[in-house]
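# Topology and contacts: notes
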Amino acid sequence: MLVEVPKHPKLTREQFLAAYNKGLKVIDARNKVAFAEGFIPNSINIQGNNSFATWAGWLLNYQEQFILIADDAQMEDLTRKLMRIGLDNVYGYISDVAETGLPLQKAEVIDIREFETLVGKPDVQVVDVRGVSEYKAGHVEGADNVFVGTLPWNLDKISKDKQVVIHCQSGDRASVAYAILRANGFDKVKNYSGGMKEWTEAGKKVVA
């Protein structure tokens, strides 16, 4: 049976702003680099790759409408991915964040050198957002583990007073986590995008 893939409306600036100001969730499906360079406040970055449906399933409420940020050419694929997990509450989409006229935020992405200077400092909280088994197999000394899929329900584990640095394995999940924290009023957040992949390849200390 062929299922017709619904075509979601491309929103005008006015339609987008009206929905955004009512509090509709915005899912930014652009790649993490484009997201980091300028994103709409409170939007969540779930890249439109093979893991898109997984994180959408974790982080979206099946009853709530949401808006997508994606290219026209991406929409059919993303809609199919969402339909497979029963998420069909797309209100509409936009492709250009600049056209909204909203002041865009930038993500603070740091490299391994800066990350290394922050590890172990008393006024810094390093948060590893990988799964528990990955964390147990090997992590940066002193890092706390809060899985990105459950982060919205565990915000009390993140310090609002310390400098927070998040990372995952190779940067994708950290971009999701960064967006969640910023959307929830955490202003002192840095994203070490190289993650455990770069850290271990560089021969840095790992504890299990």
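Above this text is the structure in question.
Because the structure is a prediction, the values reported are computed rather than measured.

### Quick notes on the nonpolar core
Judged by nonpolar contacts, the single largest core of 42 residues is most densely connected at Leu68, Ile166 and Leu181. Of all the secondary-structure elements, those providing two or more residues to this core are helix H2 (32–37), helix H3 (52–59), strand E3 (66–69), helix H4 (75–84), strand E4 (90–94), strand E8 (163–167) and helix H7 (172–183). Of the residues forming this core, the biggest block, 7 residues, is contributed by H7.

### Some points on the packing of H3 against H4
Two elements in contact, H3 and H4, have axes whose closest approach is 9 Å; the angle formed by their N-to-C orientations is 55°. Comparing the axis directions of H3 and H4 gives the class oblique. Here H3 runs over H4; the crossing is right-handed. Together, Phe52, Ala53 and Ala56 of H3 and Leu78, Lys81 and Leu82 of H4 make up the contact between the two elements. Within the contact of H3 with H4, the residues separate by chemical class into 5 nonpolar, no polar and 1 charged.

Calculation criteria
- Residues numbered from 1 in each chain as written.
- Predicted model: local features only at pLDDT ≥ 70, side-chain atom pairs only at ≥ 80, totals over all residues.
- Heavy atoms only, no water.
- Core = buried A, V, L, I, M, F, W, Y, C linked by side-chain atoms within 4.5 Å.
- Buried < 20%, exposed > 50% of the residue type's maximum accessible area, 1.4 Å probe, protein only.
- Helix = DSSP H or I, 4+ residues; strand = E, 2+ residues; numbered from the N terminus.
- Axes fitted to C-alpha atoms, helices over the stretch in contact; angles between N-to-C directions.
- Parallel < 35°, antiparallel > 145°, perpendicular 65-115°, else oblique.
- Left-handed = near helix turned anticlockwise from the far one by under 90°.
- Contact = heavy atoms within 4.5 Å.
- Nonpolar A, V, L, I, M, F, W, Y, C, P; charged D, E, K, R; others polar.

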